[in-house]
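# Secondary and tertiary structure notes
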Amino acid sequence: MPRKFFRKYLPSHDSVRQHRFLGRFRAFLHHHNLWHLNRHSVAGGFAAGLFAGLVPGPFQMLCAAILAIAFKVNLPVALVTTLYTNPLTIGPLYLIAYEIGRLFVGSSGAVADAPALDWQRFGEWLEAFAHWTLSLGKPLAVGLVVLAVSLAVLGYLFAQAAWRVYVIVSWRKRRRRRMRPQKENRHRRPG
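Reference entry: report on the structure contained in this document. (Residues numbered from 1 in each chain as written. Predicted model: local features only at pLDDT ≥ 70, side-chain atom pairs only at ≥ 80, totals over all residues. Heavy atoms only, no water.)

On to the overall build of the protein chain, then. When helices and strands are counted, the protein chain shows seven helices and zero strands. Tracing the protein chain from N to C terminus, the helices and strands come up as α-α-α-α-α-α-α. Restricting to contacts in the protein chain with at least 6 residues of sequence separation, those with at least 24 account for 69%. For the protein chain, the accessible surface area stands at approximately 12,900 Å², while carbon and sulfur atoms represent 63% of it. (Helix = DSSP H or I, 4+ residues; strand = E, 2+ residues; numbered from the N terminus. Contact = heavy atoms within 4.5 Å. Areas by Shrake-Rupley, 256 points an atom, 1.4 Å probe, with all protein chains shown as cover.)

What follows deals with the pattern of salt bridges. Evaluated as defined, the whole model comprises one salt bridge. Between E99 and R102 there is a salt bridge, with its nearest N and O atoms 3.5 Å apart. In this pair, E99 and R102 are both assigned in helix α6 (residues 90–105), three residues apart and thus about one turn of the helix distant. By relative accessible area, E99 is classed as partly exposed at 38%. (Salt bridge = Lys/Arg side-chain N within 4 Å of Asp/Glu carboxyl O. Buried < 20%, exposed > 50% of the residue type's maximum accessible area, 1.4 Å probe, protein only.)

For K72, which is not glycine, the phi dihedral falls at a positive 55 degrees. With respect to the helices and strands, the residue K72 is situated in the loop between α4 (60–71) and α5 (75–81).

Let's shift gears to the side chain of T85. Tracing the backbone through its elements, the reader meets T85 in the loop between α5 and α6. With a relative accessible area of 8%, T85 lands in the buried category. A polar side-chain atom of T85 sits 3.2 Å from a polar atom in the side chain of Q60. Apart from the residues lying within four places of it in its own chain, the contact partners of T85 are G53, L54, Q60, I90 and L93. (Polar contact = N/O pair within 3.5 Å; in protein donor to acceptor, adjacent residues only side chain to side chain.)

Turning our attention to the packing of helix α3 (residues 39–52) against α4. At a closest axis distance of 8 Å, the pairing of α3 and α4 adopts a crossing angle of 145 degrees. Crossing geometry of α3 relative to α4 is assigned as right-handed. Across the interface between the two elements, A48, F51 and A52 from α3 touch Q60, C63, A64, L67 and A68 from α4. Counted by class, the contact of α3 with α4 contains seven nonpolar, one polar and no charged residues. (Axes fitted to C-alpha atoms, helices over the stretch in contact; angles between N-to-C directions. Left-handed = near helix turned anticlockwise from the far one by under 90°. Nonpolar A, V, L, I, M, F, W, Y, C, P; charged D, E, K, R; others polar.)

On to α3. Along an α-helix, residues three or four apart share an orientation, since each turn contains 3.6 residues. Here α3 is 14 residues long and its end C-alpha atoms lie 20 Å apart, about the 20 Å a rise of 1.5 Å per residue gives. The element α3 is extensively covered by neighbouring structure, given that 10 of its 14 residues are classed as buried. The complete set of buried residues in α3 reads S41, V42, A43, G44, G45, A47, A48, G49, L50 and A52. If you check the start of α3, you find a side-chain oxygen 3.2 Å away from the backbone N of H40, and it comes from N38. (Expected span 1.5 Å × (residues − 1).)

In this description, a pair of aromatic rings is defined by centroid distance and the angle of the planes. Summed over the entire model, instances satisfying the criterion amount to four aromatic pairs. With a centroid separation of 5.2 Å and an interplanar angle of 25 degrees, the aromatic rings of W125 and F129 are classed as stacked. With W125 and F129 both in helix α7 (residues 122–187) and four residues apart, this pair spans about one turn of that helix. Accessibility classification places W125 together with F129 in one group, the buried group. Here the aromatic cluster, defined as three or more aromatic residues joined through ring pairs, consists of Y94, W119, F122, W125 and F129. (Phe/Tyr/Trp six-rings, centres within 6.5 Å; stacked < 30°, edge-to-face > 60°.)

It is worth spelling out the environment of T133 at this point. Checked against the element boundaries, T133 lands in helix α7. Sequence-distant contacts of T133, defined by excluding residues within four places in its chain, comprise Y94 and L140.

One can find L144 in helix α7. The spacing of L144 and L93 is 51 residues in sequence and 8.7 Å in space, taken between C-alpha atoms. Dropping the residues within four chain positions of it, L144 is found in contact with L54, Y94 and A97.

Right, dumping it as structure tokens:
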């Protein structure tokens, strides 16, 4: 992945360290890999964000930050990656996790329908969604862990491969550009 792309959209190390709410955590934010844009750090941040995105409730970004700091991977990438879960995607992801959990646990009960999203009564919908989630029990818990780990591993491998492909393509383009002037000079006749 191009560093320029990430640098354009991610906050700088200094801006995060100077932030008034994050000032208390400066001691944890000093490791260079938390901010460094290389293949391993970005891929690790992507994996941490994918894993933390399935953490229930509003603790996704906190979990992503803790994972990024613990594994010393890119913190902003980890935080941004958690945004793949939102009110529109969380229901289908939880259903997938439930089905995966059923494979591991062996539950054979029918799945109750999730409550329909109602923006005008969002608080009531959120409460109904929480009750529905809790009713799914052990298969959901096991499925969430398996899905989160699977997404993290696949995301890490994908980010590593995508970064590598980008570098190879860039090298080849650069080599072709360098070879063009040499070929043109060979074909010209002294005149």
